[in-house]
Amino acid sequence: LAPILLHFLYSTATPYTTLPSVLLLGPPGAGKTALTTLFERGPLDLPLAKTHTSQVTSSIELSINSDDPSSASYKTNLDEAGATAKKFLLVDTPGHPKLRASSLARLNSAEPTIKSSLVSDGGAKSKIKAVVFMVDAAALADGDALPSTAEYLYDVLLTLQKRFHSRNGSRAPASMPVLVAANKLDLFTALPAALVKSNLEAELGRIRAARSKGLLDSGVGQDDLAAGEEGDWLGGDGSEKFSFAQMMEFDVDVDVIGGSVTGDGPGAEKWWKWIGERV
Ligand code: GDP
């Protein structure tokens, strides 16, 4: 009787299980679709098909070993391993610049949620626990991709920073971990993660200076900028150099970790562990 009762209680009390989400962002071509496919199917022997630029948001359901996420691998069959699985959604968003606003809008609340596109949970609202911002470390090496990649990242971080101030009464919004996944490190032309980090920080600093200058030119006073909780100044202090560490003040914890989805590179294990520790 007990299992039947439990089943009954479960099916009436919680018609849908709402899983937490990890939002996957980044410019087109960074490898978001490839990563989603890799996590969903495990390592592929066949080379990944070149994907079209996706126009829609898609979620996949993934499981991670909740006993010890740090030891888990996306290659482990959790059922076979007899492990307790923690489930979450990986939500791949369209990277096309024209469609970014909708990705950003989802982060713009104290308790960011996303409507799952899974049929199985009735499109329930899922809590966003972390953001993975994927970049193409090979494209960043020749510099052309740096301004547009940093521009997108700037908007993501600024949205999260502004969200920090949209507190509900005295409760600060939950902290938001951000992983900058430096992809394609299998290519010898790719920048190592440390350089991806410093190049992005330098470019974010340039964008910050340019935007604040734009505001000054448009008549917004220096005092307004300094007071500007709602301003466009990314990061805490007014220091010349931008660093990701400045985002800690707003409970936005940024890590830059290198990896690869295809080819003979460092693989995606570190990213998987990072995600597992945050869902
Ligand atoms: P998205 O637009 O961010 O979804 O990017 P895709 O997943 O469509 O990937 C863009 C291209 O990069 C595809 O041709 C992928 O095969 C390729 N790609 C993805 N990850 C890697 C990687 O780690 N190394 C290399 N060399 N190519 C990759």
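1. Let's talk about the pairing of strand 5 (residues 125-136)
Step number 1: Buried residues dominate strand 5, accounting for nine of its 12 residues.
Step number 2: Taken together, the five bridges between strand 1 (residues 21-25) and strand 5 define a ladder with parallel strand orientation. Bridged to L25 within strand 5 is F133.
Step number 3: Relative to strand 5, strand 4 (residues 113-115) is paired through three bridges, and the arrangement is antiparallel.

2. Some thoughts on the nonpolar core
Step number 1: One finds L157, V196 and F244 to be the most contacted residues of the largest nonpolar core, which totals 44 residues.
Step number 2: For this core, the leading source of residues is helix 6 (residues 146-165), giving 10 residues.
Step number 3: Beyond its immediate chain neighbours, meaning those up to four positions away, L157 contacts V178, L204, L234, F242, F244, M247, V252 and V254.
Step number 4: If you look at the next biggest cluster of nonpolar residues, it comprises 25 residues, including L24, I60, I64 and I275.

3. What to know about the confidence of the model for the protein chain
Step number 1: Counting all residues, the mean pLDDT for the protein chain is 80, and 70% of those residues have values of 70 or more.
Step number 2: Across residues 11-15, where pLDDT falls below 50, the model places one contact with residues more than four positions away in sequence or in other chains.
Step number 3: Note on residues 46-50: pLDDT is under 50 here. Beyond four places in sequence and across chains, it has four contacts.
Step number 4: For this predicted complex, the interface confidence score (ipTM) comes to 0.99, while the overall pTM stands at 0.84.

4. Overview of the pattern of salt bridges
Step number 1: Scanning the model with the defined rule gives eight salt bridges in all.
Step number 2: In this structure, the salt-bridge partner of K87 is E61, at a minimum N-O distance of 3.6 Å. Residue K87 is found in strand 3 (residues 85-92), and its partner E61 is found in strand 2 (residues 58-65); the two are separated by 26 residues along the sequence.
Step number 3: Judged by its relative accessible area of 40%, K87 falls in the partly exposed class.
Step number 4: Put simply, R206 and E203 hold a salt bridge, and the shortest N to O gap is 2.8 Å.

5. Section: helix 4 (residues 100-107)
Step number 1: Buried residues of helix 4: R100, S103, L104 and L107, and no others. Looking straight down helix 4, one finds that the buried residues subtend no more than 95° of arc, so they occupy a single side.
Step number 2: In this fold, the buried residues of helix 4 make contact with strand 1, strand 5 and helix 6.

6. Brief notes about the packing of aromatic side chains
Step number 1: This structure, assessed with the given rule, holds five aromatic pairs.
Step number 2: With centroids separated by 5.9 Å and ring planes inclined at 45°, the aromatic side chains of F88 and W272 adopt a geometry described as tilted. Residue F88 is located in strand 3, and its partner W272 is located in helix 9 (residues 269-276); the two are separated by 184 residues in the primary sequence. As far as burial versus exposure is concerned, F88 and W272 are alike and both buried.
Step number 3: Aromatic side chains F133 and Y152 sit 5.2 Å apart centroid to centroid with 75° between the ring planes, which places their arrangement in the edge-to-face category. Of this pair, F133 sits in strand 5 while Y152 sits in helix 6, placing them 19 residues apart in sequence.
Step number 4: F133 gets classed as buried once you look at its relative accessible area, which sits at 0%.
Step number 5: Taking relative accessible area as the criterion, Y152 reaches 1% and is therefore assigned buried.
Step number 6: Taken together, the ring pairs in this structure connect F39, F88 and W272 into an aromatic cluster.
Step number 7: The ring of Y152 has R100 lying over it, and the distance from NZ or CZ to the ring centre is 3.9 Å.

What counts and what doesn't
Residues numbered from 1 in each chain as written. Predicted model: local features only at pLDDT ≥ 70, side-chain atom pairs only at ≥ 80, totals over all residues. Heavy atoms only, no water. Buried < 20%, exposed > 50% of the residue type's maximum accessible area, 1.4 Å probe, protein only. Helix = DSSP H or I, 4+ residues; strand = E, 2+ residues; numbered from the N terminus. Pairing = 2+ DSSP bridges. Core = buried A, V, L, I, M, F, W, Y, C linked by side-chain atoms within 4.5 Å. Contact = heavy atoms within 4.5 Å. pLDDT = per-residue confidence, 0-100. Salt bridge = Lys/Arg side-chain N within 4 Å of Asp/Glu carboxyl O. Arc of directions from axis to C-beta. Phe/Tyr/Trp six-rings, centres within 6.5 Å; stacked < 30°, edge-to-face > 60°. Lys NZ or Arg CZ within 6 Å of the ring centre and 35° of its normal.

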